[in-house]
Amino acid sequence: MNMRGKKAGRWDLLVILLILQGVGAIYGGGTMVIDPSGELLGTDTSILKNWPVDSFLIPGIILLLVLGVLPLVVASGMIKRWNWALAEKLNLFPALHWSWAFSLYIGFALIIWINVQMYVLSGVGIVHLGYVALGLAIQAVAVLPGVQKNYSK
């Protein structure tokens, strides 16, 4: 038991959504880092004409770390309820565990990332709609009263 009697280690929908996000972004970001030309993703750098980079390396690193590794760290924080001093300093919701706040941040980051991607590509694909829906789902589930109660301190 942890956090005023609440059970640590509980897997809930929010944790599952964060894990799905993390795994998908590690795959996509890792692929971009391994092959910055985009060939492994079935594309090429010509789609970056509206972007200030000429390869997928920098976007791949950002995707890998911010939308890949971080969601898995947050999911781990939700399961184990471990303390992280830096995350607590960035927690805009001090009555709730830092991992809950970071789940909201990840939802926003994903929505922003996909919108920037749609701008860069000058188009919208079904995958974009799916990831915007995932970002919205992360946020919607996070703000449910029962979920907030589960992550209250």
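What this report covers is the structure whose coordinates are included nearby. What you see is a predicted model, and the numbers here were worked out from it, not measured in a lab.

**Points about a nonpolar patch on the surface**
Residues Ile26, Leu57, Ile58, Ile61, Ile62, Leu65, Val66 and Val69 make up a contiguous nonpolar surface patch of roughly 570 Å² in combined accessible area. Per element, the largest residue contribution to the nonpolar patch is seven residues, and it comes from helix H2 (residues 57-80). Relative to the elements of secondary structure, valine 69 occurs in helix H2. Valine 69 gets classed as partly exposed once you look at its relative accessible area, which sits at 35%.

**Quick look at the pattern of salt bridges**
Here the structure, examined in full by the defined rule, presents one salt bridge. Salt-bridge contacts for lysine 153 lead to glutamate 88; the nearest nitrogen and oxygen are separated by 2.9 Å. Remark: glutamate 88 occurs in helix H3 (residues 85-89) and lysine 153 occurs in the segment after helix H6 (145-150); sequence separation between them is 65 residues. By relative accessible area, which is 24% here, glutamate 88 ends up partly exposed.

The rules behind these values
- Residues numbered from 1 in each chain as written.
- Predicted model: local features only at pLDDT ≥ 70, side-chain atom pairs only at ≥ 80, totals over all residues.
- Heavy atoms only, no water.
- Patch = residues over 30% accessible without salt bridge, like charges linked within 9 Å, V, L, I, M, F, W, Y side chains within 5 Å.
- Areas by Shrake-Rupley, 256 points an atom, 1.4 Å probe, with all protein chains shown as cover.
- Salt bridge = Lys/Arg side-chain N within 4 Å of Asp/Glu carboxyl O.
- Helix = DSSP H or I, 4+ residues; strand = E, 2+ residues; numbered from the N terminus.
- Buried < 20%, exposed > 50% of the residue type's maximum accessible area, 1.4 Å probe, protein only.

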